[in-house]
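Residues per chain, in single letters:
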Amino acid sequence: MSLLLETTHLLAGGVPQPQSNAPGELTRKVNTVLGIAAWAGTAAGVAGVLITGTMMAISLKRGESSEHMSRLGMVLGGCVLVATAGPLVRFVFN
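Report on the accompanying structure. Since the structure is predicted, the reported quantities are computational estimates derived from the model, not experimental observations. (Residues numbered from 1 in each chain as written. Predicted model: local features only at pLDDT ≥ 70, side-chain atom pairs only at ≥ 80, totals over all residues. Heavy atoms only, no water.)

What follows covers the overall build of the protein. Assigned secondary structure in the protein consists of 3 helices and 0 strands. Helices (α) and strands (β) of the protein occur, in sequence order from the N terminus, as α-α-α. Put simply, the protein has 94 residues, and 7% of those count as buried. Roughly 8,100 Å² of accessible area belongs to the protein as shown, and the carbon and sulfur atoms make up 71% of that amount. (Helix = DSSP H or I, 4+ residues; strand = E, 2+ residues; numbered from the N terminus. Buried < 20%, exposed > 50% of the residue type's maximum accessible area, 1.4 Å probe, protein only. Areas by Shrake-Rupley, 256 points an atom, 1.4 Å probe, with all protein chains shown as cover.)

This is how it looks when you write it as structure tokens:
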């Protein structure tokens with residue numbers, strides 16, 4: 001275990017840690033745009049779940065079978081990507 005710990009410190013020791021030198025005004029504008037994009041992605045995910053649920057209910061009432069579960073899986077996968085994009089980027093770059 002000690003060898004693994006020493007190897008980890010040796011490999012991680014040379015990784016550069018750049019400092020952020022972006023102007024404050026630019027940072028605020030980028031954060032605003034990213035916030036709007038995150039909000040839009042969340043709204044699209046909610047709309048996708050609602051639309052898929054509505055289509056499932058209509059198909060069930062008509063007696064039709066369709067591939068709604070795969071569509072719902074894709075919508076939920078997109079929701080997970082939107083929800084975890086920020087924390088994943090923060091984890092990678094911090």
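A few words on the side chain of Thr52. Tracing the sequence through the fold places Thr52 in helix α2 (residues 24-62). Polar contacts involving the side chain of Thr52 include one to the main-chain carbonyl oxygen of Gly48, which spans 2.8 Å. Among residues more than four places away in sequence, those in contact with Thr52 are His68, Arg71, Leu72 and Val75. (Polar contact = N/O pair within 3.5 Å; in protein donor to acceptor, adjacent residues only side chain to side chain. Contact = heavy atoms within 4.5 Å.)

Right, let's get into the pattern of salt bridges. This model, assessed by the stated rule, comprises 1 salt bridge. Residue Lys29 is joined to Glu25 by a salt bridge in which the shortest nitrogen-to-oxygen separation is 3.2 Å. On the criterion of helical spacing, the pair formed by Lys29 and Glu25 is a turn pair, its members being 4 residues apart in helix α2. (Salt bridge = Lys/Arg side-chain N within 4 Å of Asp/Glu carboxyl O.)

A contiguous nonpolar patch, built from Val89, Phe91, Val92 and Phe93 and spanning about 510 Å² of accessible area, is present on the exposed surface. In this fold, Phe93 is placed in helix α3 (residues 68-93). A relative accessible area of 67% means that Phe93 is categorised as exposed. (Patch = residues over 30% accessible without salt bridge, like charges linked within 9 Å, V, L, I, M, F, W, Y side chains within 5 Å.)

Attention shifts here to α3. Between its first and last C-alpha, α3 extends 37 Å over 26 residues, near the 38 Å set by a 1.5 Å rise per residue. At Thr84, α3 is deflected by roughly 45 degrees, the largest bend along its length, and proline Pro87 occurs up to four residues later in sequence. Residues of α3 that are buried: His68, Leu72 and Val75. The inward-facing, buried residues of α3 abut α2. (Expected span 1.5 Å × (residues − 1). Bend = angle between axes of the 7 residues up to and from the residue.)

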